[in-house]
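What follows is the residue order along each chain.
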Amino acid sequence: AYTEDLEESASNSNEVSATLSVKSYSDVSESHDNYYAIRFLSYLGVLEGYEDGTFDPKGPINRAEMMKVMVYGYLGYNPDEGTYNNCFPDVKSDWYAPYVCYAKEQGWVEGYKDSYFHPENTVSRAEALKMIFKSFAIEIPASADTSGLPYDDVFASSWFAPYIVIAYEKGILTEDGVMFDPNEGRTRAEVSEEMFRLLVLSFMLEDIYNEEVLASFLESWGEFFL
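Below or above, wherever it landed, is the structure these notes cover. (Residues numbered from 1 in each chain as written. Predicted model: local features only at pLDDT ≥ 70, side-chain atom pairs only at ≥ 80, totals over all residues. Heavy atoms only, no water.)

Topic: the overall build of the protein chain
Argument step 1. The helix and strand tally for the protein chain stands at seven helices and zero strands.
Argument step 2. Traced from its N-terminal end to its C-terminal end, the protein chain shows the element sequence α-α-α-α-α-α-α.
Argument step 3. Burial statistics for the protein chain: of 226 residues in total, 46% are counted as buried.
Argument step 4. Surface accessibility of the protein chain: about 12800 Å² in total, with carbon and sulfur atoms responsible for 46%. (Helix = DSSP H or I, 4+ residues; strand = E, 2+ residues; numbered from the N terminus. Buried < 20%, exposed > 50% of the residue type's maximum accessible area, 1.4 Å probe, protein only. Areas by Shrake-Rupley, 256 points an atom, 1.4 Å probe, with all protein chains shown as cover.)

Okay, here's the thing in structure tokens:
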């Protein structure tokens, strides 16, 4: 225990009180489909909103922003900018350099054929899954049987098929139509939801995300959503 002057107290206590600071956004109400994901990841510091108090859940997420989400979500802190920089011709000492360069070192991302990273490019649905699974060290098979998928536009020959199959089997995806649209850009809310569901599985030691697993998680972590 510590005194108000931050000196160690002579008395001991087994009671701990803490005030949780959880960010709220004017455009993410409790009824929002991704409320739990956005709120919890904001508490962890993985996500940030804007100065006007909004989160812009429908806004696209680019490669630079995605790197911050992945790396901070994995480390829980910012990588050293003095160590992680100058890893691509277009990634030097920018704000996103530590995240991109750390992710590159871990083998989570790579550049394009022109050797550039293109941090401004919007992350597609397929790319987002690949990046997230790599950061969570989830083993993905080289090929996958797509016959169990409800999506008519995901073929076994596609490079992203194994990622989508595993994500579907784990209950990570929210797409419930007949099209997945793998090349469409992922939104900030969608990436939040995928990250959140994998975190819930990790925290609860479960393999498949569903309403029962979420309910158990909220029983344990519900204070973050009050």
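That was the structure; now back to the text.
Quick look at the nonpolar core
Argument step 1. Grouped together as the largest cluster of nonpolar side chains are 66 residues, with contacts concentrated most on M66, M67, V91, I164 and F196.
Argument step 2. Discounting residues that sit within four places of it in the chain, V91 has contacts with N85, N86, Y96, A97, V100, C101 and F117. (Core = buried A, V, L, I, M, F, W, Y, C linked by side-chain atoms within 4.5 Å. Contact = heavy atoms within 4.5 Å.)

Examining the packing of aromatic side chains
Argument step 1. One pass over the full model with this rule turns up 21 aromatic pairs.
Argument step 2. A connected cluster of aromatic rings, assembled from ring pairs, spans F40, F196, F203, F217 and W221.
Argument step 3. The residue whose ring lies beneath R63 is F117, and the NZ or CZ to ring-centre distance is 4.1 Å.
Argument step 4. The positively charged end of R188 is found above the aromatic ring belonging to F55, 4.2 Å away from the centroid. (Phe/Tyr/Trp six-rings, centres within 6.5 Å; stacked < 30°, edge-to-face > 60°. Lys NZ or Arg CZ within 6 Å of the ring centre and 35° of its normal.)

Digging into the pattern of salt bridges
Argument step 1. Across all of its chains, the model carries six salt bridges by this definition.
Argument step 2. For E190, the salt bridge identified is with R125, shortest N-O distance 4.0 Å. Here E190, found in helix α6 (residues 188-204), pairs with R125, found in helix α4 (residues 125-135); they are 65 residues apart in sequence, far enough to count as distant.
Argument step 3. With a relative accessible area of 14%, R125 lands in the buried category.
Argument step 4. Linking E175 and R186 is a salt bridge whose minimum nitrogen-to-oxygen distance equals 2.7 Å. Placement of the pair is E175 in the loop between α5 (161-169) and α6 and R186 in the loop between α5 and α6, with a sequence separation of 11 residues. (Salt bridge = Lys/Arg side-chain N within 4 Å of Asp/Glu carboxyl O.)

Structural notes on the packing of α6 against helix α7 (residues 211-221)
Argument step 1. In the contact formed by α6 and α7, the axes pass within 10 Å of each other and the chain directions differ by 75°. Classed by the angle they form, the pair α6 and α7 counts as roughly perpendicular. Residues F196, V200, L201, F203 and M204 of α6 lie in contact with α7, whose contacting residues are V213, L214, S216, F217, S220 and W221.
Argument step 2. Residues that form the contact of α6 with α7 fall into these classes: nine nonpolar, two polar and no charged. (Axes fitted to C-alpha atoms, helices over the stretch in contact; angles between N-to-C directions. Parallel < 35°, antiparallel > 145°, perpendicular 65-115°, else oblique. Nonpolar A, V, L, I, M, F, W, Y, C, P; charged D, E, K, R; others polar.)

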